[in-house]
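One-letter residues, chain by chain:
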Amino acid sequence: MKIFTSILTIIAIALIVFNTTKINLEAPLEGNSYTAILTIIAGLCAVILLQILRLSKKVEALQKKRK
């Protein structure tokens, strides 16, 4: 599971970096820039959710170890 979350995190970060280059700073909320911003936000959400998943699996493993 750790490898899976790591790979997905790397893909999400790559997507964030790619879409950062697509933002037009003169009109950030128009056309393709708006789509890029929404995709960056979605990528950040994915990274956060994957880190929560990784942390919850770690806590679950610690609870099993205690019993």
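Anything mentioned here points back to the structure above.
Residues numbered from 1 in each chain as written. Predicted model: local features only at pLDDT ≥ 70, side-chain atom pairs only at ≥ 80, totals over all residues. Heavy atoms only, no water.

A. Representation of the overall build of the protein in the model. A tally of regular secondary structure across the protein gives two helices and zero strands. Against the 2.2 N^0.38 benchmark of 11 Å for 67 residues, the protein shows a C-alpha radius of gyration of 16 Å, more extended than a compact globule. Considered along the principal axes of its C-alpha atoms, the protein spans approximately 60 × 15 × 10 Å. For the protein, the proportion of its 67 residues judged to be buried stands at 18%. Expressed as a percentage of contacts within the protein between residues at least 6 apart in sequence, the contacts between residues at least 24 apart total 57%. (Helix = DSSP H or I, 4+ residues; strand = E, 2+ residues; numbered from the N terminus. Rg over C-alpha atoms; globule rule 2.2 N^0.38 Å. Buried < 20%, exposed > 50% of the residue type's maximum accessible area, 1.4 Å probe, protein only. Contact = heavy atoms within 4.5 Å.)

B. Quick look at the pattern of salt bridges. The final tally for this structure, using the stated rule, is two salt bridges. A salt bridge links lysine 57 to glutamate 60, with the shortest nitrogen-to-oxygen separation between them at 3.8 Å. Remark: glutamate 60 and lysine 57 occur in helix α2 (residues 32–66); sequence separation between them is three residues, near one turn of the helix. Assessed through its relative accessible area of 36%, lysine 57 is described here as partly exposed. You can call glutamate 60 partly exposed: its relative accessible area is 34%. (Salt bridge = Lys/Arg side-chain N within 4 Å of Asp/Glu carboxyl O.)

C. A look at the environment of alanine 12. Mapped onto the elements of the fold, alanine 12 is located in helix α1 (residues 2–20). For alanine 12, a relative accessible area of 8% corresponds to the buried category. Excluding residues that lie within four positions of it along the chain, alanine 12 makes contacts with Gly43, Ala46 and Val47.

D. Summary view of the side chain of threonine 5. Here threonine 5 shows up in helix α1. Residues in contact with threonine 5, not counting those within four places in the same chain, are Leu50, Leu53 and Arg54.

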